[in-house]
2 protein chains.
Amino acid sequence: MTNATRPDDLERQVAARLAERDARFTQSRRHVVRFLDTADGPISASGLHAGLDGAVPLSSLYRTLSVLEEAGILAREHDADGTARYELAEWLTGHHHHLVCVRCGAIEDVEIDAEAETEMTGLVARIAARRGFSATGHRIDIEGRCPACRSQ
Amino acid sequence: MTNATRPDDLERQVAARLAERDARFTQSRRHVVRFLDTADGPISASGLHAGLDGAVPLSSLYRTLSVLEEAGILAREHDADGTARYELAEWLTGHHHHLVCVRCGAIEDVEIDAEAETEMTGLVARIAARRGFSATGHRIDIEGRCPACRSQ
DNA sequence: TTCCTTGCAAACGATTTGCATTGGA
DNA sequence: TCCAATGCAAATCGTTTGCAAGGAA
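Source: prediction; values computed, not measured.

## With respect to helix α2 (residues 27-38) of chain B
All names here are of chain B. Taking 1.5 Å of rise per residue, twelve residues should cover 16 Å, and α2 covers 17 Å from first to last C-alpha, within 8% of that figure. Listed in full, the buried residues belonging to α2 are Arg 29, Val 32, Val 33, Leu 36 and Asp 37. End-on view of α2: buried residues confined to an arc of 130 degrees, all on one side of the axis. Seen from the buried face of α2, the exposed residues on the opposite side, beyond 90 degrees, are Gln 27 and Thr 38.

As structure tokens, this is what we get:
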């Protein structure tokens, strides 16, 4: 998923968010943010490690990821294997859902129609309320076979 | 979530499915199936271990869980912490979604209206097709605060 | 009896942390 | 300068596996 605004804005927003927390916008953090900005779905720590060509050692990478996550800059989730995957938080990229290939495990971002999204939000609030929950959001994973895996 | 049919039917179906695979319906497997049948959401291995009062040692429990999962009797997913949680597969319980408390991590099963479900299925197929995916299913997590966590 | 299943202990792999060193504001 | 951030190595923790003993068909 691509940043919703100009490239510079993304880094400016991230820098500001980090500054609020007295955290520095260091090389590793910048590398991670830039890499995730070009990704089209959530990436694992080892995927990032490889994608950054080993520039950031794994232990430092994990520390970087947890700082960015705690600052609300990244969102973490877990794929079917239980491996953590990270992506830019929705206030930076816009609300979206995931297309998950049940065969190869690939995950891609997708957006759904605004009206469908509005309906979902209403539906979700109603269902939650029925159980005494106050809804704060929702997550939809569309499971299927990706183009490559469709042909077996 | 409660079994959709008579209690006996659940165990009969599980036994049959295991038999097809030349696997036995042993004590541990029966314990796990019974416990999950009374649960109202997916449970972790350690939750089961505790729930079964240590009757099944963890290593055996993990083996039990993977046999049942591979037989299609259980579905595995991962919670926000990345811990695996198990529940009876949907062909045994019916299609449903999850209500997830963003504060305490509790997960409860919920069903949504049949019409909403039908709409979702259509929407999902459309979105998937647009990306060259063939949709096989969908998963919705409703995030919110549970009754206990609502009051902080 | 025949294998599948179990249980213990050791092995694994993803993630985390202690500690001395480095680097950014 | 000064404290946050880094990198290495060791420690965790959930989960998996080797192997000998036990149990269901």
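## What about the domain arrangement of chain A?
Residue and element names in this part refer to chain A. According to the domain assignment, chain A contains domain 1 (1-93) and domain 2 (95-152). Taking only C-alpha atoms, the centre of domain 1 and the centre of domain 2 are 22 Å apart. Between domain 1 and domain 2 lies a buried interface of about 890 Å² when both sides are counted; carbon and sulfur atoms form 43% of it. Those elements that provide at least two residues to the side of domain 1 that touches domain 2 are β3 (84-88) and α5 (90-93). Residue classes in the side of domain 1 that touches domain 2 are distributed as two nonpolar, two polar and six charged.

## Some thoughts on the sheet that holds β3(A)
Residue and element names in this part refer to chain A. Reading across the sheet, the three strands line up as β1-β3-β2 and stay open at both edges, with antiparallel pairing between neighbours. Each edge of the open sheet carries a strand with a single partner, namely β1 (43-44) and β2 (74-78). Both β2 and β3 contribute to a ladder of five bridges, which runs antiparallel. Its bridge partner lying in β3, Ala 75 is registered against Glu 87.

## Remarks on the side chain of A:His78
Here A:His78 is to be found in strand β2. For A:His78, a relative accessible area of 18% translates into the label buried. Polar contacts involving the side chain of A:His78 include one to the main-chain carbonyl oxygen of A:Gly82, which spans 3.1 Å. Polar side-chain contacts of A:His78 include one of 3.3 Å to the backbone oxygen of B:Ala80.

## Things to note about the interface of chain B and chain A
With 43 residues of chain B in contact, the opposing surface of chain A contributes 43 residues. Carbon and sulfur atoms supply 55% of the area buried between chain B and chain A, which totals about 3,400 Å² over both sides. When the buried area of chain B at its contact with chain A is split by residue, B:Arg131, B:Phe133 and B:Glu143 rank highest and sum to 19% of it. Viewed at the interface, chain A and chain B are joined by six salt bridges. For A:Glu143, the salt bridge identified is with B:Arg139, shortest N-O distance 3.3 Å. Across the chain B-chain A interface, the total number found is 22 residue pairs in polar contact (both at pLDDT 80 or more). Contributions of two or more residues to the side of chain B that touches chain A are made by β2 (74-78), β4 (97-101), β5 (107-110), α6 (114-130), β6 (134-145) and α7 (147-150) of chain B. Examining the composition of the side of chain B that touches chain A, we find that twelve residues originate from one element, β6(B), more than from any other. Taken together, the residues of the side of chain B that touches chain A break down into 19 nonpolar, eight polar and 16 charged.

## Considerations on the nonpolar core
A:Met120, A:Ile140, A:Ile142, B:Met120, B:Ile140 and B:Ile142 are the most contacted members of the largest nonpolar core, which totals 30 residues. Where this core is concerned, the elements lending two or more residues are β4 (97-101), α6 (114-130) and β6 (134-145) of chain A together with β4, α6 and β6 of chain B. Leave out the neighbours within four places in its chain, and B:Ile142 touches A:Val124, A:Ile127, A:Ala128, A:Ala135, A:Gly137, B:His98, B:Leu99 and B:Val100.

## Let's talk about the relation of the copies chain B and chain A
It takes a turn of 180 degrees to lay chain B on chain A, together with a shift of 0.0 Å along the axis; the resulting RMSD is 0.1 Å. Such a combination of turn and shift is consistent with a two-fold rotation axis. When C-alpha positions in chain B are compared against the rotation axis, the closest is assigned to B:Ile140, at 2.3 Å. Most of the interface of chain B is mirrored in chain A, where 100% of its interface residues again form contacts.

Thresholds applied
- Residues numbered from 1 in each chain as written.
- Chains lettered and ligands numbered in written order.
- Predicted model: local features only at pLDDT ≥ 70, side-chain atom pairs only at ≥ 80, totals over all residues.
- Heavy atoms only, no water.
- Helix = DSSP H or I, 4+ residues; strand = E, 2+ residues; numbered from the N terminus.
- Expected span 1.5 Å × (residues − 1).
- Buried < 20%, exposed > 50% of the residue type's maximum accessible area, 1.4 Å probe, protein only.
- Arc of directions from axis to C-beta.
- Domains from an automatic or database assignment.
- Buried area = accessible area lost by both parts, 1.4 Å probe.
- Nonpolar A, V, L, I, M, F, W, Y, C, P; charged D, E, K, R; others polar.
- Pairing = 2+ DSSP bridges.
- Polar contact = N/O pair within 3.5 Å; in protein donor to acceptor, adjacent residues only side chain to side chain.
- Contact = heavy atoms within 4.5 Å.
- Salt bridge = Lys/Arg side-chain N within 4 Å of Asp/Glu carboxyl O.
- Core = buried A, V, L, I, M, F, W, Y, C linked by side-chain atoms within 4.5 Å.
- Least-squares fit on C-alpha atoms with pLDDT ≥ 70 in both.

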